[in-house]
Amino acid sequence: MQTLLQNKNLAFQITSTPLGEKLTLKSRYGINGKDAIAYGDKPLISCNIYKENETYDVAYLLIDFAQSNIDYHPETDGIMPNFFTSPNGQYFVDLLVYHPRKERCVQIPLFDRNNITLPKPAKPFLGDFIGCTKQYSIFFDVDLWSDSKPDQIKSIEYHQTQIKKERINKISKPRDNRIYIDQESNEIHLLGKDKRQWLHRQINELSKIIHSRSIDMDKYYPSQVLKLSLVNDSYLLDYHYAKSAFYIITISSEGNIDAKLLIDIGKQIFFTDKPQHITNDTSITSFTTESGNGWLTIRNGILLEAYYQKTPGTITDLLTNESHHFSSEPLANLAINQIKIINDNSYFVVLYPITEEKNKDLLVLLRHLNHNQ
C-alpha cells in the first residue's frame, strides 16, 4: 500500500483485474464517498475522511490510474459537496456552508478560488445535476415525499467563467417525470405518467413546453429512460417488481411500442438508479436486489454488459458467467456508491464493502468498453 503524504491516515493500491484497473483505498478511522465526476480523463471523488476523534475532513481525491497516483485536495469552504460542470467544461461544486439557523449553500469553482469571493449563501436546491445544454447547467428535482408538489428544474446561466444567474421553474403536471438531455441536439425531454397514458414532452431550460405527445403504455411502468426522442426511437428500461427480469421498451417516432426481454438476473429487483449516459445511444444503469448491486450497459436497446454481485464480494459477468472476487473484505457485500462516465470509451464505478463497523475501505473500478460490441 502507498501512503498519501498529505493525510497519514490514508493508503492506496492500484492493481489490474479481469474487470479493469482497481483502486483499493484504505482509511484508518473511516471513509465515506460522497460524489464523483470525471475531471478530464481521471476519476475525482469527494470523501469524508474520519479522524481519531470522530470528526472528519472533506477532501477531493483525483485518481491517476496510469501513473498509480492520487492527488489529495482538502475542501475548507463547506461540506457535502456536489459536483457540476458548465457548458464550456468548467468544474464547479455546490457546498453546504455554516448558517446558525438554516441550511444554506454556495456554488463556487471546484479549484482555483484565490480570486473568488464566496457568494451569498442561498437555500439549497435538492435536485440532481443532470447535464448541460448550450447555455445552461441543468438540475432536476422530484419531491419523493409529496404526491402533489410539481417537479422543478434549475438552470444556471454563465457569463464567461462566472455564474451569472440561476432560475428555478416548476414543471406543469404530471409530476414524477424521468428526464433526459440529448447530448447532440441539447434538447430536454420528460416522460411522466398522465392518468392511464404516458406524456412525452420536450421542454426548454425554463420549463416551457415545446412539443408533447401521449403514449398509450398502460401495461408498462418504465423505471428509467435510456433515450427519448421525437424523431428517432426512444428506449426505456422496465422491470416487474418482485420479479427478476429487465425489459427494454422501444417507442418509435410514430408512437408504436415494442417490449422485449433484456435479461433475467435470477434475483428479485428492488430498484434502479438514474442512467449515466456515455453517448446518446449508450448508457449505464445500476440496480439493487436482495443480494447486492449490479449494473447494465445498454446501447440502443442491446445489452453490452451485465455485472452483478451474485455472492458477497464477487462480481459476476452475467453474459459469460465468469466471477471475480473484488471486495477488500472477506465475504463482505459490495454497495455501489457511484457510476460515472469518463468518455465514450470508459467509465468508473465507486464501491465500498458493507461492514458492521464504520467503513474503512473504498474501491474504484476503471473500465473500458469494447468498441467491437
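Preceding block: the structure.
In this report, we go over the structure that sits alongside the text. None of these values were measured; they are calculated from a predicted model.

### Considerations on the packing of aromatic side chains
- Following the criterion strictly, the structure yields 15 aromatic pairs and no others.
- Look at Trp295 and Tyr307: their rings are 5.2 Å apart centre to centre, the planes differ by 35 degrees, and that puts the pair in the tilted class. Within this pair, whereas Trp295 is found in strand S26 (residues 293-299), its partner Tyr307 is found in strand S27 (residues 302-311), the two being separated by twelve residues in sequence. In this structure, Trp295 and Tyr307 share a single accessibility class: buried.
- An aromatic cluster is built from Tyr39, Tyr60, Phe83, Tyr91 and Phe111, whose rings are joined through pairwise contacts.
- Lys22 extends its terminal NZ or CZ atom over the ring of Phe326, reaching a point 4.7 Å from the ring centre.
- Above the plane of the ring of Phe139 lies Lys154, whose end atom (NZ or CZ) is 4.7 Å from the centre.

### Focus on empty space enclosed by the protein
- On inspection of all chains with the given rule, the structure shows two cavities of 30 Å³ or more.
- In this structure, the largest cavity encloses a volume near 50 Å³.
- Residue lining of the largest cavity: Asn293, Gly294, Trp295, Gln309, Ile315, Leu334, Ile336 and Leu351, and that is the complete set.
- Elements with a contribution of two residues or more to the lining of the largest cavity: S26 and strand S30 (334-343).
- Per element, the largest residue contribution to the lining of the largest cavity is three residues, and it comes from S26.
- The class makeup of the residues in the lining of the largest cavity is five nonpolar, three polar and no charged.
- Its boundaries defined by the atoms lining it, the second largest cavity holds a volume of some 40 Å³.
- Residue lining of the second largest cavity: Leu226, Lys227, Tyr235, Asn280, Asp281, Thr282, Ser283, Ile298, Asn300 and Gly301, and that is the complete set.
- Every element with two or more residues in the lining of the second largest cavity is listed here: strand S19 (224-227) and strand S25 (282-289).

### Re the side chain of Arg213
- With respect to the element layout, Arg213 can be found in strand S18 (residues 209-215).
- An unpaired buried charge is present at Arg213: no salt bridge exists, and Glu254, the closest side chain of opposite charge, is 7.2 Å distant.
- Here Ser229 takes part through its backbone oxygen, which lies 3.3 Å from a polar atom of the side chain of Arg213.
- Setting aside residues up to four positions removed in sequence, Arg213 forms contacts with Trp198, Leu199, His200, Ser229, Leu230, Ser234, Ile251, Ser252, Ser253, Glu254 and Gly255.

### Brief notes about unusual backbone geometry
- At the junction of Lys173 and Pro174, the peptide bond is cis and its omega measures out at 10 degrees in the coordinates.
- Mapped onto the fold, Pro174 is located in the loop between strand S14 (162-170) and strand S15 (178-181).
- Here the phi dihedral of Ser207 falls at roughly 80 degrees; this positive angle occurs in a residue that is not glycine.
- As for its placement among the helices and strands, Ser207 is situated in the loop between strand S17 (197-203) and S18.
- Positive phi is not limited to glycine here, since Asn321 has a value of about 70 degrees.

### Things to note about the pairing of S17
- Where burial is concerned, most of S17 is hidden: six out of the seven residues are buried.
- With seven bridges joining them, strand S16 (residues 188-194) and S17 adopt antiparallel strand pairing. Directly across from Gly192, in S17, lies its bridge partner Leu199.
- Hairpin connection of S16 to S17: two residues between the antiparallel strands, including Lys195 at a positive phi of 60 degrees.
- Hairpin geometry of S17 and S18 is characterised by an intervening segment of five residues between the two adjacent antiparallel strands and by a positive phi of about 80 degrees at Ser207.

### Comments concerning the layout of surface pockets
- Empty space within the second largest pocket amounts to approximately 310 Å³.
- What lines the second largest pocket is a set of 21 residues, and nearest its centre among them are Val106, Gln107, Ile108, Pro119 and Ile163.
- Looking at the lining of the second largest pocket, the elements that each hand over two or more residues are strand S9 (91-97), strand S10 (104-109) and S14.
- Among the elements that make up the lining of the second largest pocket, the one with the highest residue count is S10 (five residues).
- A class-by-class count of the residues in the lining of the second largest pocket yields eleven nonpolar, four polar and six charged.

### Looking at the pattern of salt bridges
- Scanning the entire structure with this criterion turns up twelve salt bridges.
- Residue Lys358 pairs with Glu54 through a salt bridge whose shortest N-O separation is 2.8 Å. Taken as a pair, Lys358 in the loop between strand S31 (346-353) and strand S32 (361-368) and Glu54 in the loop between strand S5 (42-50) and strand S6 (56-64) lie far apart in primary sequence, 304 residues in all.
- We classify Lys358 as partly exposed; its relative accessible area is 32%.

### Focus on the nonpolar core
- Ranked by internal contacts, the top residues of the largest apolar core, which has 24 residues, are Leu23, Leu25, Ile45, Ile70 and Val364.
- For this core, the elements supplying multiple residues, two or more each, are strand S2 (10-17), strand S3 (20-27), strand S4 (31-39), S5, S6, strand S7 (69-75), S31 and S32.
- Setting aside chain neighbours within four positions, we find Leu25 in contact with Leu10, Ala11, Phe12, Ile31, Leu61, Ile70, Lys360, Asp361 and Leu362.

### A word on the state of the cysteines
- Per the counting criterion, the structure on display carries zero disulfides.
- Free of any disulfide, Cys132 has its nearest neighbouring cysteine sulfur in Cys105, separated by 17 Å.
- We classify Cys132 as partly exposed; its relative accessible area is 22%.

What counts and how
Residues numbered from 1 in each chain as written. Predicted model: local features only at pLDDT ≥ 70, side-chain atom pairs only at ≥ 80, totals over all residues. Heavy atoms only, no water. Phe/Tyr/Trp six-rings, centres within 6.5 Å; stacked < 30°, edge-to-face > 60°. Helix = DSSP H or I, 4+ residues; strand = E, 2+ residues; numbered from the N terminus. Buried < 20%, exposed > 50% of the residue type's maximum accessible area, 1.4 Å probe, protein only. Lys NZ or Arg CZ within 6 Å of the ring centre and 35° of its normal. 1 Å grid on protein atoms, 1.4 Å probe; cavity = no way out; pocket = protein on both sides within 12 Å on 5 of 7 lines; lining within 4 Å. Points joined across faces, edges and corners; volume = space filled by probe spheres on them. Nonpolar A, V, L, I, M, F, W, Y, C, P; charged D, E, K, R; others polar. Lys, Arg positive; Asp, Glu negative; His and termini not counted. Salt bridge = Lys/Arg side-chain N within 4 Å of Asp/Glu carboxyl O. Polar contact = N/O pair within 3.5 Å; in protein donor to acceptor, adjacent residues only side chain to side chain. Contact = heavy atoms within 4.5 Å. Pairing = 2+ DSSP bridges. Core = buried A, V, L, I, M, F, W, Y, C linked by side-chain atoms within 4.5 Å. Disulfide = S-S within 2.5 Å.

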